[in-house]
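Residue-level listing of the chains:
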Amino acid sequence: MPPGLPVVHAAAEYADEVRAVLLAHKERGVLRLAGPLGEALAGAVRTVCARPGRPRPDGPDGPVTGPGPARPGRPVRSGPGRLRPAWGPEGPLLLVPVPSARRAVGARGHDPARRIALAAAGVLRGAGCPVRVPPVLRQARRVRDQSGLGARDRLVNVSGALGVVPGGGRLLSTGPAVLVDDLMTTGASLAEAARAVSAADGLVVGAAVVAAPPDCLIRN
C-alpha cells in the first residue's frame with residue numbers, strides 16, 4: 001500500500017455482482033444505480049465515524065472492522081449502523097470525492113465518484129448527520145489511464161497530480177474530511193488525495209469506498 005494512505009473502509013468486495021454494478025454505473029451510464037451505491041458508500045462512511053474520537057453508531061449492530069484496530073493502508077469491511085444526529089463541535093462531515101480526469105468525465109458524461117458521494121450524503125443527512133460534498137479537489141496535471149498499470153506505476157502516475165481549487169482550503173477548514181471513491185485498487189489515488197487535502201490544512205479522518213479487492217480486505 002502507498003505511503004500516506006489513510007485507513008480505508010470498504011462496503012463490499014470488488015467481485016461478481018458488485019463489480020458488475022460498479023462498471024454499469026461508471027462505464028455504461030446506468031445512473032439509477034447511484035442510489036444503491038450511495039447507500040453502500042454511506043455504510044463505509046459510518047465505519048469511519050465509529051473510530052475513536054468520531055460519533056459512534058447506536059445499538060449493537062455497529063460496523064464490522066475486522067480483528068483488532070484498523071491499520072492505515074488496509075481496507076476494512078464496513079457493516080450496518082446508524083449515525084448519531086450531531087457531528088459535534090468539529091463542524092459538518094465533508095465527503096471529498098477523488099476527482100476523475102476531465103477527459104474521462106467527458107467521455108462518460110458524468111463523474112461517478114461525485115455522483116455516488118452525493119447519494120451517500122443524502123442517506124447520511126437522513127440519519128441526522130450534517131454532511132457536505134465540497135468539490136475541492138481537481139486534477140493539477142494530466143495523468144495516464146490507470147487501467148493496466150501496476151501498483152508502482154499507478155503511484156508514479158498520480159503523484160502530485162491533485163490540487164485544491166481556489167478557496168478550497170476555506171471549505172476544508174469547516175469540518176473533518178472523509179475521502180470517498182467508488183473503488184480502491186492499489187490506494188494510489190486515495191493517498192494522493194490525502195496528500196492534497198492535508199497540504200491545504202484539511203483534516204483527513206479516513207477514507208471510504210464502495211468496494212476494494214478481496215485480497216486487500218481485513219476479515220473477521
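The model shown is predicted, which means the values in this text are computed figures rather than measured ones.

## Looking at the nonpolar core
So, step 1. In terms of nonpolar packing, the biggest core is built from 30 residues, with Leu-41, Val-45, Leu-93, Leu-95, Val-178, Val-180 and Ala-208 touching the most fellow members.
So, step 2. Every element with two or more residues in this core is listed here: helix 1 (16-27), helix 2 (34-49), strand 3 (93-97), helix 4 (112-126), strand 7 (177-183) and strand 8 (204-212).
So, step 3. Here the element with the most residues in this core is helix 2; it accounts for seven residues.
So, step 4. If we skip the residues at most four places from it in the chain, Ala-208 touches His-9, Leu-41, Ala-44, Val-45, Val-48, Val-178, Leu-179, Val-180 and Asp-181.
So, step 5. Val-8, Val-96, Leu-162 and Ala-200 belong to the second largest nonpolar core, which has 23 residues in total.

## Comments concerning the pattern of salt bridges
So, step 1. Following the criterion strictly, the structure yields two salt bridges and no others.
So, step 2. A salt bridge links Asp-182 to Lys-26; its shortest N-O distance comes to 3.5 Å. Pair noted here: Asp-182 is in strand 7 and Lys-26 is in helix 1, with a separation of 156 residues, a long-range link.
So, step 3. Overall, Asp-182 belongs to the buried group, its relative accessible area being 4%.

## Re helix 2
So, step 1. In this model helix 2 runs 22 Å from its N-terminal to its C-terminal C-alpha over 16 residues, within 8% of the 22 Å that 1.5 Å per residue would give.
So, step 2. Burial of helix 2 is extensive: 12 of the 16 residues sit out of reach of the surface.
So, step 3. Among the residues of helix 2, Ala-34, Leu-37, Gly-38, Leu-41, Ala-42, Gly-43, Ala-44, Val-45, Arg-46, Thr-47, Val-48 and Cys-49 are the ones counted as buried.
So, step 4. Considering only its buried residues, helix 2 is in contact with strand 1 (8-13), helix 1, strand 3, helix 4, strand 7 and strand 8.

## Points about the packing of helix 2 against helix 4
So, step 1. Two numbers describe how helix 2 lies on helix 4: the axes approach to 7 Å, and their chain directions differ by 65 degrees. When the interaxial angle is binned, helix 2 and helix 4 end up roughly perpendicular. Seen from above, helix 2 lies across helix 4 with right-handed handedness. The segment helix 2 lies against helix 4, with Ala-34, Gly-35, Leu-37, Gly-38, Glu-39, Leu-41, Ala-42, Val-45 and Arg-46 engaging Arg-115, Ile-116, Ala-117, Ala-119, Ala-120, Val-123 and Leu-124.

## Digging into the pairing of strand 7
So, step 1. Among the seven residues that make up strand 7, seven are buried, leaving the element largely enclosed by the rest of the structure.
So, step 2. Where strand 7 meets strand 8, six bridges bridge the pair, whose relative direction is parallel. Across the sheet, residue Leu-179 finds its bridge partner in strand 8, namely Ala-207.
So, step 3. Taken together, strand 7, helix 7 (residues 188-199) and strand 8 constitute a β-α-β crossover, and its handedness is right-handed.

What counts, and where the lines are drawn
Residues numbered from 1 in each chain as written. Predicted model: local features only at pLDDT ≥ 70, side-chain atom pairs only at ≥ 80, totals over all residues. Heavy atoms only, no water. Core = buried A, V, L, I, M, F, W, Y, C linked by side-chain atoms within 4.5 Å. Buried < 20%, exposed > 50% of the residue type's maximum accessible area, 1.4 Å probe, protein only. Helix = DSSP H or I, 4+ residues; strand = E, 2+ residues; numbered from the N terminus. Contact = heavy atoms within 4.5 Å. Salt bridge = Lys/Arg side-chain N within 4 Å of Asp/Glu carboxyl O. Expected span 1.5 Å × (residues − 1). Axes fitted to C-alpha atoms, helices over the stretch in contact; angles between N-to-C directions. Parallel < 35°, antiparallel > 145°, perpendicular 65-115°, else oblique. Left-handed = near helix turned anticlockwise from the far one by under 90°. Pairing = 2+ DSSP bridges. Right-handed = clockwise from strand over helix to strand, strands pointing away.

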